[in-house]
Amino acid sequence: MANISDFLVICIPTPDEKTDIYSMDTVYTVADIMKKSKIIVSSNKFGVLNARNVIVEKLKNTMNELKIEHSDIVRLLWLDSDIRIITKAEDVAKELMFADRMHLNIVANYHALWTENKIVSTIEKPIDDGVYQTLSQEELDKFKKEPYLPRGYVAGLGFYYGDFDINYKFELNKYGEDVNFYRYMYDKYPDYKLTLSNIELKHIKLVPI
């Protein structure tokens, strides 16, 4: 019987049923280098939170239908449809294989457009009263040389490779669906940590003219 560790699981929320062809070419090559079969699960459900929950249900159904052995924790890649992976597939594969050997949960920084058209990092640190603050470039450079981000740091789920609790249900509440996921993992799994990857990403945003 197959085990979920035999697969590279790729989860893609995609509002328009499209994704970045360059990123898909990269992750297909990564799976080949890692000598893993691929399970690709996507959803165009309205709202990224809803899409993520549909993806999780589809993944559970797929594992059950194919009789794939798994525990509550599945290692997988969350990859948003508007994320372009710039790093070469060979280097991405090395990072993912190292993450598997060392049991790391890796996040990669990409930029987002914030209020007043400000471009910010998607790696954040907790500050007073449950507020999060995006990291500066100097902080990002520092943590790329560290084995782990400090406990409590969070990131966007545009690129995340690591442990995922398949019983988790995405929700908004006070924080975004990505921050709530990390808060849940920190609370439920005392040894849970994040590592900042060197993988380079671009956040593709199209402007109609």
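Everything below is about the structure printed above this text.
Residues numbered from 1 in each chain as written. Predicted model: local features only at pLDDT ≥ 70, side-chain atom pairs only at ≥ 80, totals over all residues. Heavy atoms only, no water.

Asks: Let's hear about helix H5 (residues 177–188): which residues, and what values?
Replies: Every α-helix winds through 3.6 residues per turn, so residues three or four apart in the chain are directed the same way. Over its 12 residues, H5 extends 17 Å from the first C-alpha to the last, a length consistent with the 16 Å expected when each residue adds 1.5 Å. Buried residues of H5: Glu177, Asp178, Val179, Asn180, Phe181, Tyr182, Met185 and Tyr186, and no others. (Helix = DSSP H or I, 4+ residues; strand = E, 2+ residues; numbered from the N terminus. Expected span 1.5 Å × (residues − 1). Buried < 20%, exposed > 50% of the residue type's maximum accessible area, 1.4 Å probe, protein only.)

Asks: Account for the nonpolar core, naming residues and giving values.
Replies: With 40 residues, the main nonpolar core has Trp78, Val107, Tyr160, Phe164, Phe170, Phe181 and Tyr182 as its most contacted residues. Listing elements by their share of this core, those giving two or more residues are strand E1 (7–13), strand E2 (37–43), helix H2 (48–65), strand E3 (73–79), helix H4 (137–143), strand E10 (154–155), strand E11 (159–165) and H5. Setting aside residues up to four positions removed in sequence, tyrosine 160 forms contacts with Leu76, Leu77, Trp78, Asn105, Ile106, Val107, Phe181, Tyr182, Tyr192 and Leu194. Ile10, Met34, Ala93 and Leu104 belong to the second-largest nonpolar core, a separate cluster that totals 25 residues. (Core = buried A, V, L, I, M, F, W, Y, C linked by side-chain atoms within 4.5 Å. Contact = heavy atoms within 4.5 Å.)

Asks: Which residues make up the packing of aromatic side chains, and what values go with them?
Replies: The description of an aromatic ring pair uses the distance of the two centres, along with the angle that the planes make with each other. Overall, the coordinates contain 15 aromatic pairs when judged by the stated rule. Measuring from ring centre to ring centre gives 5.7 Å for tyrosine 132 and tyrosine 175, while their planes differ by 85°; the resulting arrangement is edge-to-face. With tyrosine 132 in strand E9 (residues 132–134) and tyrosine 175 in the loop between E11 and H5, this pair connects stretches of sequence that are 43 residues apart. Residue classification places tyrosine 175 among the buried positions, given a relative accessible area of 15%. A cation sits over an aromatic face here: arginine 52 above tryptophan 78, 5.0 Å from the ring centre. Geometry around tyrosine 148 places lysine 193 over its ring, the cationic atom sitting 5.2 Å from the centre. (Phe/Tyr/Trp six-rings, centres within 6.5 Å; stacked < 30°, edge-to-face > 60°. Lys NZ or Arg CZ within 6 Å of the ring centre and 35° of its normal.)

Asks: Any details on the layout of surface pockets? Residues and values, ideally.
Replies: By volume, the largest pocket amounts to about 660 Å³. In terms of lining residues, the largest pocket is bounded by 32 residues, among which Asp80, Tyr110, Gly156, Glu177 and Asp178 are the most central. Estimates place the volume of the second largest pocket at around 290 Å³. Pro15, Asp16, Lys18, Thr19, Asp20, Ser81, Asp82, Arg84, Ile204, Lys205 and Leu206 are the residues that line the second largest pocket. Per-class residue counts for the lining of the second largest pocket are three nonpolar, two polar and six charged. (1 Å grid on protein atoms, 1.4 Å probe; cavity = no way out; pocket = protein on both sides within 12 Å on 5 of 7 lines; lining within 4 Å. Points joined across faces, edges and corners; volume = space filled by probe spheres on them. Nonpolar A, V, L, I, M, F, W, Y, C, P; charged D, E, K, R; others polar.)

Take it as geometry only, folks, not as evidence of what the structure does.
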